[in-house]
Amino acid sequence: MNIVIIDYGAGNIQSIKFAIRRLGFEAVLSHDVEEIKNADRVIFPGVGEASSAMEKLRASGLDQLIPNLKQPVLGICLGMQLMCNSSEEGKTKGLAIFDLDVVKFPKSEKVPQIGWNQISGLGSKLFNKIPDRSHIYLVHSFYAPLGKETIAISEYAVSYSAALRKDNFYGVQFHPEKSSDVGSEILKNFLSLC
Amino acid sequence: MLTKRIIPCLDIKDGRTVKGVNFVDLRDAGDPVELASVYAKEGADELVFLDISATEEKRKTLAELVYHVAENINIPFTVGGGISSVEDVAVLLKNGADKVSINSSAVKRPELINELVAKFGSQCIVVAIDAKQVNGHWKVHLVGGKVPTEIDLFEWALEVERRGAGEILFTSMNHDGTKNGFANSALAQLSELVNIPIIASGGAGKVKHFTDTFKDGKADAALAASVFHFKEIEINYLKEQLKKEGIPVRL
């Protein structure tokens, strides 16, 4: 299987590569439009700040490419947030795949949320064999609210989208590559999607 | 619900774990990757690698270690020890570290925190603070707690937060190594003062100390070394006990 991790200079990509290798596959890093278009699976990572990440995507034309991809695409953390309409972080527009606006957590809880939280309301093949209330690892200050594309819910000050799906596009707020065996299983499910 | 984290800390020298490690099931007790795997299997929520080597080869050795840990471990880990520049951090993150921890270098040049946050984001910058209570005042100490400063712990914590750090790892020099429990009143004060997560460190000796630091110390995570290395407390057992006390943990 041809797996491409979109390389736009954002985030801890090495860990995703290793997580996929532990599943018996090799992923390549690429910012090449043709290579990404031709992949069987595309992973869209991201750690860092939303508006500067969007600028990098625009500079390389990836902002036009990503919403038009036809194969299964998985956005992780900031990657998922950038797939929404907009983000309050740096007041930036997003790729508008998911019809949600990303906002900051209220100050009633510590921000960023760092650590292991639970997911429930699991409604997608992405969570095949994943028990309700499984623990996943998150690090984030901004969140996508609940919406019609929500396929997993988590709670931190508010109920928010831990995962989203629209057609071939999937997004997870958590880090499957760092979420122990549960995370590996979710990545495996993503690779098995048809 | 967000759970409280249990974090074993591994001291690293020249790419190997130091201090006693008492795991009969290890082929090589000095191999950080093997020890890290055991902790990950036992339910550790995160790991901290603290590099205490002072050799010229340090950077390269540490980057290689980070690469091998990331290759084999599927939980997050932080790397600390002698990190003092954007370049140092870039190398570690590129090799697979999730977070870095800075200490003395941030006290000497606080702008370093802003520079790292601007480049890599708050989420991966942990500021470690070693402090000692002298005549009722908590003073920040440098170089692994050896060198005192006049800086007040709480003022420094506020500044660290203002400059964008994502987390604070607070070690009480009064408690570290005593096995008499964490510095819960200072921890609770810190936790109410700042709005970023606080990792408690120094003083873990028994299960009750962890319960107390989460309940009384309001800590978000607890770090310990020797109680885990010498198997005085097993992580799974610890987390089961915490759960019985009503503390949210990942089991």
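Rules behind the numbers
- Residues numbered from 1 in each chain as written.
- Chains lettered and ligands numbered in written order.
- Predicted model: local features only at pLDDT ≥ 70, side-chain atom pairs only at ≥ 80, totals over all residues.
- Heavy atoms only, no water.
- UniProt positions renumbered as here; feature names shortened; annotations may be inferred.
- Helix = DSSP H or I, 4+ residues; strand = E, 2+ residues; numbered from the N terminus.
- Buried < 20%, exposed > 50% of the residue type's maximum accessible area, 1.4 Å probe, protein only.
- Contact = heavy atoms within 4.5 Å.
- Polar contact = N/O pair within 3.5 Å; in protein donor to acceptor, adjacent residues only side chain to side chain.
- Axes fitted to C-alpha atoms, helices over the stretch in contact; angles between N-to-C directions.
- Parallel < 35°, antiparallel > 145°, perpendicular 65-115°, else oblique.
- Left-handed = near helix turned anticlockwise from the far one by under 90°.
- Nonpolar A, V, L, I, M, F, W, Y, C, P; charged D, E, K, R; others polar.
- Buried area = accessible area lost by both parts, 1.4 Å probe.
- Salt bridge = Lys/Arg side-chain N within 4 Å of Asp/Glu carboxyl O.
- Pairing = 2+ DSSP bridges.
- Right-handed = clockwise from strand over helix to strand, strands pointing away.

Under an unreviewed UniProt entry, the name given to chain B is Imidazole glycerol phosphate synthase subunit HisF, and the organism recorded is Flagellimonas nanhaiensis. The record held by UniProt for chain B lists under Subunit (unreviewed entry) the comment "Heterodimer of HisH and HisF." Quoted straight from UniProt, the Pathway (unreviewed entry) entry for chain B says "Amino-acid biosynthesis; L-histidine biosynthesis; L-histidine from 5-phospho-alpha-D-ribose 1-diphosphate: step 5/9."

Within an unreviewed UniProt entry, the label attached to chain A reads Imidazole glycerol phosphate synthase subunit HisH, and the organism entered is Flagellimonas nanhaiensis. On record in UniProt, under Subcellular location (unreviewed entry), the comment for chain A is "Cytoplasm". What the UniProt record of chain A gives under Subunit (unreviewed entry) is the line "Heterodimer of HisH and HisF."

J.: I tried to follow the UniProt feature "active site" (unreviewed entry) in chain A on my own but got confused; where do I start?
T.: Using the residue numbers shown here, the UniProt feature "active site" (unreviewed entry) corresponds to Cys77, His175 and Glu177 of chain A. Spatially, the listed residues are clustered: although they cover 101 residues, their C-alpha atoms lie within 11.0 Å of one another. Turning to its location among the elements, His175 of chain A is positioned in the loop between strand 13 (169–172) and helix 6 (180–192). Owing to a relative accessible area of 8%, His175 of chain A belongs among the buried residues under this scheme. Tracing the sequence through the fold places Glu177 of chain A in the loop between strand 13 and helix 6. Residue Glu177 of chain A is classed as buried on the basis of its relative accessible area of 5%. Residues within four places of Glu177 of chain A in sequence aside, it is in contact with Ser15, Ile16, Ala19, Arg22, Ile76 and Leu187 of chain A together with Asn74 of chain B. Engagement of the side chain of Glu177 of chain A in a polar contact is seen with the side chain of His175 of chain A, the distance being 2.9 Å.

J.: I would appreciate a short explanation of the UniProt feature "active site" (unreviewed entry) in chain B in the present structure.
T.: Residues and elements named next belong to chain B. The UniProt record annotates "active site" (unreviewed entry) at Asp11 and Asp130. Note that Asp11 resides in strand 1 (residues 5–13). Judged by relative accessible area, Asp11 falls into the buried class, the value being 11%. Position of Asp130 relative to the elements: it lies in strand 6 (residues 125–134). What makes Asp130 buried here is its relative accessible area of 9%. Excluding residues within four positions of it along the chain, Asp130 makes contact with Asn103, Lys139, Val140, His141, Gly144, Gly145, Thr171 and Met173. One polar contact links Asp130 to Asn103, side chain to side chain, over a distance of 3.2 Å.

J.: How do you make sense of the packing of helix 3 (residues 86–94) of chain B against helix 5 (residues 111–120) of chain B when you look at a structure like this?
T.: All names here are of chain B. Where helix 3 contacts helix 5, the two axes come as close as 10 Å, and the packing angle between them is 40°. Judged by the inter-axis angle, helix 3 sits oblique to helix 5. Once helix 3 is placed against helix 5, the crossing between them reads as right-handed. Only Leu112, Glu115, Leu116, Lys119 and Phe120 of helix 5 make contact with helix 3, whose side of the interface consists of Val86, Val89, Ala90 and Leu93. When grouped by side-chain class, the residues that make up the contact of helix 3 with helix 5 number seven nonpolar, no polar and two charged.

J.: What is the right way to read the interface of chain B and chain A from this model?
T.: By a widespread convention, an interface's size corresponds to the accessible area lost as its parts come together. Taken residue by residue, the interface counts 37 residues in chain B and 29 residues in chain A. Where chain B abuts chain A, roughly 2,600 Å² becomes buried across the two surfaces, and 51% of that area is made up of carbon and sulfur atoms. When the area that chain B buries against chain A is broken down by residue, the three leading residues are Leu2, Asn74 and Asn195 of chain B, summing to 27%. There are three salt bridges connecting chain B and chain A. Of the charged contacts, one joins Arg21 of chain A and Glu71 of chain B as a salt bridge, the two residues approaching to 3.5 Å between their closest N and O atoms. At the boundary of chain B with chain A, the tally comes to 15 residue pairs in polar contact (both at pLDDT 80 or more). Secondary structure elements with two or more residues in the side of chain B that touches chain A: helix 2 (58–72) and helix 3 of chain B.

J.: Is there a simple way to explain the environment of Phe77 of chain B in this structure?
T.: All names here are of chain B. With respect to the secondary-structure elements, Phe77 resides in strand 4 (residues 77–80). Using a relative accessible area of 1% as the deciding quantity, one classes Phe77 as buried. Taking the C-alpha atoms as reference points, Phe77 and Val100, separated by 23 residues in sequence, lie 8.5 Å from one another.

J.: Mind showing me how you'd approach the pairing of strand 3 (residues 47–51) of chain B here?
T.: Successive residues of a regular strand alternate their side chains across the two faces of the sheet. Residues and elements named next belong to chain B. Of all five residues making up strand 3, four are buried, and the element is well covered by its neighbours. Sheet analysis places strand 3 next to strand 4, joined by four bridges and oriented parallel. Paired with Leu47 across the strands is Phe77, a residue of strand 4. What joins strand 3 to strand 4 is helix 2, and the crossover it makes is right-handed.

J.: Whenever I open this one, the sheet that holds strand 7 (residues 98–104) of chain A confuses me. Can you help?
T.: The strands making up a sheet associate through hydrogen bonds between their backbones, and the pairing can be parallel or antiparallel. Reading across from one edge, 6-5-7-10 (chain A) is the order of the four strands in this open sheet, with mixed pairing throughout. Each of the sheet's edge strands pairs with one partner strand only, and the pair in question is strand 6 (92–93) and strand 10 (142–143) of chain A.

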